[in-house]
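# Secondary and tertiary structure notes
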Amino acid sequence: SEEKSLNFLEEIVEEDLKSGKYPSILTRFPPEPNGYLHIGHAKSICLNFGLAKKYGGATNLRFDDTNPVTEDTEYVESIKADIQWLGFTWANELYASDYFEQLYAFAVQLIQKGLAYVDDSTSEQIAAMKGTPTQPGTDSPYRSRSVEENLQLFADMRAGKYKDGEKVLRVRVDMSSPNMHMRDPIIYRIKHAHHHRTGDAWCIYPMYDFAHGQSDSIEKITHSICTLEFIPHRPLYDWLIQQLEIFPSHQYEFARLNLTYAVTSKRKLLQLVTEKFVDGWDDPRMPTISGMRRRGYTPEGIREFCERIGVAKRDNLIDVGLLEFCVREHLNKEAQRRMVVFDPLKVVITNYEGVEMMLSEDNPEDPNTTQREVPFSNEIYIEREDFMENPPKKYFRLAPGQMVRLKSAYIIQCEKVIKDEAGNITEVHCVYLPNSKSGADTSGINVKGTLHWVSIAHAIHAEVRLYDRLFKVENVANEEGDFKDYVNPESLHVIQNAYAEPALANAKFSDRYQFLRKGYFCMDKDTSEEKMVFNRAVTLKDAWAK
Ligand code: ATP
Ligand code: MG
Ligand code: MG
């Protein structure tokens, strides 16, 4: 096979292994448990776990749970389930909150070195003193507090002596740095809030910049991969590690994945859920991993997509059609073929009697395919759109006098159209050609059209849900105003009463189906004793230009 060129992260890892900088690599996936994972996270997961897998290393799952207000164990559980479903296994399940004591000790160390101070200023005052990118900031009046005073005040902050916002701990770096993140950033704030894991043990919480790099270092992460917006944070990341003289983890940045017709921000996705634009985080229209799973996407398809888009260093917008293409390619290989009629037209086969079991391949793409029995009788449904009373030229479906093949059954010929008083076609009468049975056809007749069908007496009812894009515009982030104004009101189309061949009565949640001529489907969790429900994952047609 063709040798694929390395992406820039693979190049870095290979170099680091070759030079002996690290004997092996350790990456991490660090979600904040404040929402469900989305396709952007899938990219990060494939990257972090994929790198470790390729180079014989390991990956930690670390919950970045330093913000007690927005986090919840429901999210922790969903995140774990999603990563496993994508096909990855973490070496250790870790929580930044497990490091609270160690992080506190690091902060004390910085105070002792004269590198951190307690600031009583309000957040407005601190922001004003930061200056602007073109103008240096000004020192806080609290910047020169003594080590002893800072140690006492920081201990008091921890002990709960102060209210939210009364004090913060800042590192003393450089108030005139051209990098705003280096102008004495806050590393601890007071928050009297219950934490989903540490309960009420803490009322001070570390800021992202302090918790993240130090957690990386505690775990001895070699390559800490994050998205581009963290480039300006890297000097602080390195500075803290250097001052604390701890394991030198390194941060590398790549471009966030943005998808057309979608939003990939947990904050926005949460709004869609709470404001009922969708039916939960796992609504099949959501770009969440749980939504894609429910819709019928496969881990293989999603992983292939992440592989194909590569690792960019510049922000870009990826065509959702590529994701659909990758999912479709995989489903074509694994989906079981079934026949389902969405909009029925009754066909009576006037010269046929009894019931016969037709054999049909479950998957013609599979050389070892099994076959299933499909009952055939003298009353069947075809799609209403597969019949025309006055067809144009080159219409190869059913029409008066014309012949079509019924998939895995016989050739039929239309003899008569039955209408009600209003002139609507209620049924079509046909004859079948007894010597035209699929697999044993001696009729010598070639017909161009093949239709899917179901025997009326044997059909089972099913609800079918068809999905369109959740947003009407390609680049949602580029639009003015509220992103929710661009939600597509026609993103869900429900067919209440479709007719399915009886084999679908044994459908499994884990299986994927191709409904002939209709697309790829999976059974939805709303399926009950009374009603089967199927979601369309993707259509058959490939709109993606390769
Ligand atoms: P969001 O904006 O959706 O809240 P986040 O970056 O705040 O995203 P985290 O839970 O912190 O969410 O993300 C965990 C990891 O996934 C981080 O390393 C982050 O960089 C990565 N990640 C998040 N979104 C994307 C994306 N769209 N593309 C690539 N990686 C992403
Ligand atoms: Mg984050
Ligand atoms: Mg976020």
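This is a predicted model, so every value here is computed, not measured. (Residues numbered from 1 in each chain as written. Chains lettered and ligands numbered in written order. Predicted model: local features only at pLDDT ≥ 70, side-chain atom pairs only at ≥ 80, totals over all residues.)

Another aspect to go through is unusual backbone geometry. Backbone geometry at Lys276 places phi at a positive 60°, although glycine is not the residue there. Along the chain, Lys276 turns up in the loop between α9 (266–274) and α10 (289–295). In the Ramachandran plot, Lys394 falls in the positive-phi region, its phi being about 60° despite a non-glycine side chain. Locating Lys394 in the fold gives a position in the loop between β17 (379–383) and β18 (403–406). Using a count of 6 C-beta atoms within 10 Å as the deciding quantity, one classes Lys394 as exposed. (Helix = DSSP H or I, 4+ residues; strand = E, 2+ residues; numbered from the N terminus. Buried ≥ 20, exposed ≤ 12 C-beta atoms within 10 Å, placed from the backbone.)

Our focus in this paragraph is the sheet that holds strand β4 (residues 116–119). The strand order β4-β5-β6-β7 describes an open sheet built from four strands, whose pairing is antiparallel. Each edge of the sheet is formed by a strand with only one pairing partner; in this case those strands are β4 and β7 (204–206). Going from strand to strand, the sheet's axes swing by 20° on average, the running direction of each strand aside. (Pairing = 2+ DSSP bridges. Axes fitted to C-alpha atoms, helices over the stretch in contact; angles between N-to-C directions.)

What sets the pattern is the α-helix's 3.6 residues per turn: residues three or four places apart point alike. Taken as a whole, helix α7 (residues 208–218) has its buried residues at Phe210, Ala211, His212, Gly213, Gln214, Ser215 and Asp216. Note on α7: the residue one or two positions beyond its end, Lys220, has a positive phi of about 60°.

Right, let's talk about the environment of Asn535 for a bit. Looking at the secondary structure, you find Asn535 in strand β27 (residues 532–538). What makes Asn535 buried here is the crowd of 22 C-beta atoms within 10 Å. Taking the C-alpha atoms as reference points, Asn535 and Gly519, 16 residues apart in sequence, are found 10.0 Å from one another. In this structure, Asn535 is in contact with Pro284, Arg294, Arg295, Gly296, Arg465, Phe521, Cys522 and Asp524, ignoring residues within four places of it in sequence. (Contact = placed C-beta atoms within 7 Å.)

This part covers the domain arrangement of the chain. Per the domain assignment, the segments of the chain are domain 1 (8–254), domain 2 (259–336 + 462–538) and domain 3 (340–452). Once you take the C-alpha centre of each, domain 1 and domain 3 turn out to be 65 Å apart. (Domains from an automatic or database assignment.)

Turning our attention to the site of ligand 1. Of all residues adjacent to ligand 1, which total 16 residues, the nearest are Pro31, Gly40, Ser44, Leu257 and Lys266. Looking at the shell around ligand 1, the elements that each hand over two or more residues are α2 (39–54), β8 (223–227) and α9. Looking at the shell around ligand 1, its residues break down into four nonpolar, six polar and six charged. When we break the shell around ligand 1 down by domain, the ones giving at least three residues each are domain 1 (8–254) and domain 2 (259–336 + 462–538). (Near = placed C-beta within 6 Å. Nonpolar A, V, L, I, M, F, W, Y, C, P; charged D, E, K, R; others polar.)

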